[in-house]
Amino acid sequence: GLQTSQDARFYALSTRFDSFSNKDKTLVIQFSVKHEQNIDCGGGYVKLFPAELDQSEMHGESEYNIMFGPDICGPPTKKVHVIFQYKKKNLQINKDIRCRDDSFTHLYTLIVRPDNTYEVKIDNSKVESGSLEEDWDFLPPKKIKDPEAKKPDDWDERPKIDDPEDKKPEDWDKPEHIPDPDAVKPEDWDEEMDGEWEPPVIQNPDYKGEWKPRQIDNPDYKGKWIHPEIDNPEYTPDSTLYQYDSFGVLGLD
């Protein structure tokens, strides 16, 4: 086990092991994390590096294969990172997996299978699973909107329209406020000193608000236009998303 000795410090540690590839094999990364304080910012994740990593030069930007584990940074960020390096890019999972933020020991497990599926467990209970291709942006989408397709100019997406037969009543327009008919100029009102007296205004009981014609079903309504899709010419399937040629170092930074 490892325990840090001082608060609010950066730490880096790595260990080398016999290099291997996970080609055609199920890879399991598993370790336990215990935050002994109710921290508001701190990472508890590990990184798996290729064997060629120079451990003496390991830092936060060193190229890794997989980064996995909990990360806490204030109330908004309490997540489990699952990041894969693919073609020199670090790809974060598109789902939000919440980590444990108490002061107890928790077991984190990542399982990556040769059929390009994965599973994340916390304390041996599955919290997320699925397809690598669907839950990360390894590949461009299979389908894209047809760039040649355009919504017809006469396509009407309005389910309701104003009734052309509906007319505003002639007595509709009334002011919103009117002078208070019950108001009386105070006996001590001095127009030379106080100016011309005007009665206070009140809400007009006959005010009907802004007139709007009633709505009717639109006879030309065609529904919401859906942009047609075509196969993405830039999409090429990859059955080896899960695979790394070399694992040789486990590190924390």
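Residues numbered from 1 in each chain as written. Predicted model: local features only at pLDDT ≥ 70, side-chain atom pairs only at ≥ 80, totals over all residues. Heavy atoms only, no water.

- An unreviewed UniProt entry lists the chain under the name Calreticulin, from Xenopus epitropicalis.
- Recorded in UniProt for the chain, the comment headed Sequence similarities (unreviewed entry) runs: "Belongs to the calreticulin family." (UniProt positions renumbered as here; feature names shortened; annotations may be inferred.)

### Comments concerning the overall build of the chain
Alright, step 1. If you tally the helices and strands in the chain, you get two helices and 17 strands.
Alright, step 2. Projecting the C-alpha coordinates of the chain onto the three principal axes gives extents of approximately 100 × 60 × 35 Å.
Alright, step 3. A fraction of 68% describes how many contacts in the chain between residues 6 or more apart in sequence connect residues 24 or more apart.
Alright, step 4. Put simply, the chain shows about 17500 Å² of open surface, and 48% of that area lies on carbon and sulfur atoms.
Alright, step 5. For the chain, the distance from the average position of its 33 positive side-chain charges to the average position of its 56 negative side-chain charges is 10 Å. (Helix = DSSP H or I, 4+ residues; strand = E, 2+ residues; numbered from the N terminus. Contact = heavy atoms within 4.5 Å. Areas by Shrake-Rupley, 256 points an atom, 1.4 Å probe, with all protein chains shown as cover. Lys, Arg positive; Asp, Glu negative; His and termini not counted. Charge placed at Lys NZ, Arg CZ, Asp CG, Glu CD.)

### Digging into the pattern of salt bridges
Alright, step 1. Evaluation of the coordinates by the stated rule reveals 16 salt bridges.
Alright, step 2. As a salt-bridge pair, Asp 253 and Lys 47 come within 2.9 Å of each other at their nearest N and O atoms. Of this pair, Asp 253 sits in the segment after strand E17 (247-252) while Lys 47 sits in strand E4 (residues 46-49), and the two are 206 residues apart along the sequence.
Alright, step 3. We classify Asp 253 as partly exposed; its relative accessible area is 30%.
Alright, step 4. Residue class for Lys 47 comes out buried when judged on its relative accessible area of 4%. (Salt bridge = Lys/Arg side-chain N within 4 Å of Asp/Glu carboxyl O. Buried < 20%, exposed > 50% of the residue type's maximum accessible area, 1.4 Å probe, protein only.)

### Notes on the side chain of His 35
Alright, step 1. When you line up the elements, His 35 lands in the loop between strand E2 (27-34) and strand E3 (41-43).
Alright, step 2. You can call His 35 buried: its relative accessible area is 13%.
Alright, step 3. For His 35, the residues in contact, after removing those within four places along its chain, are Ile 72, Arg 100, Asp 102, Ser 103 and Phe 104.

### Quick word on the side chain of Asn 204
Alright, step 1. Within the element layout of this structure, Asn 204 appears in the loop between strand E14 (201-203) and strand E15 (215-217).
Alright, step 2. At 2.8 Å, the side chain of Asn 204 forms a polar contact with the backbone oxygen of Pro 175.
Alright, step 3. Setting aside residues no more than four positions away along its own chain, Asn 204 makes contact with Lys 174, Pro 175, Glu 176, His 177 and Ile 178. (Polar contact = N/O pair within 3.5 Å; in protein donor to acceptor, adjacent residues only side chain to side chain.)

### Here we look at the sheet that holds strand E9 (residues 117-122)
Alright, step 1. As summarised here, the arrangement of the four strands in space is E2-E8-E9-E10, forming an open sheet in which the pairing is antiparallel. In the strand order of this sheet, the two ends are held by E2 and strand E10 (125-131), each with one partner. Averaged over all adjacent pairs, the angle separating strand axes in this sheet is 15°, with direction ignored.
Alright, step 2. Across five bridges, strand E8 (residues 105-112) lies against E9 in antiparallel orientation. Looking across to E9, one finds that Ile 111 is bridged to Glu 119. (Pairing = 2+ DSSP bridges. Axes fitted to C-alpha atoms, helices over the stretch in contact; angles between N-to-C directions.)

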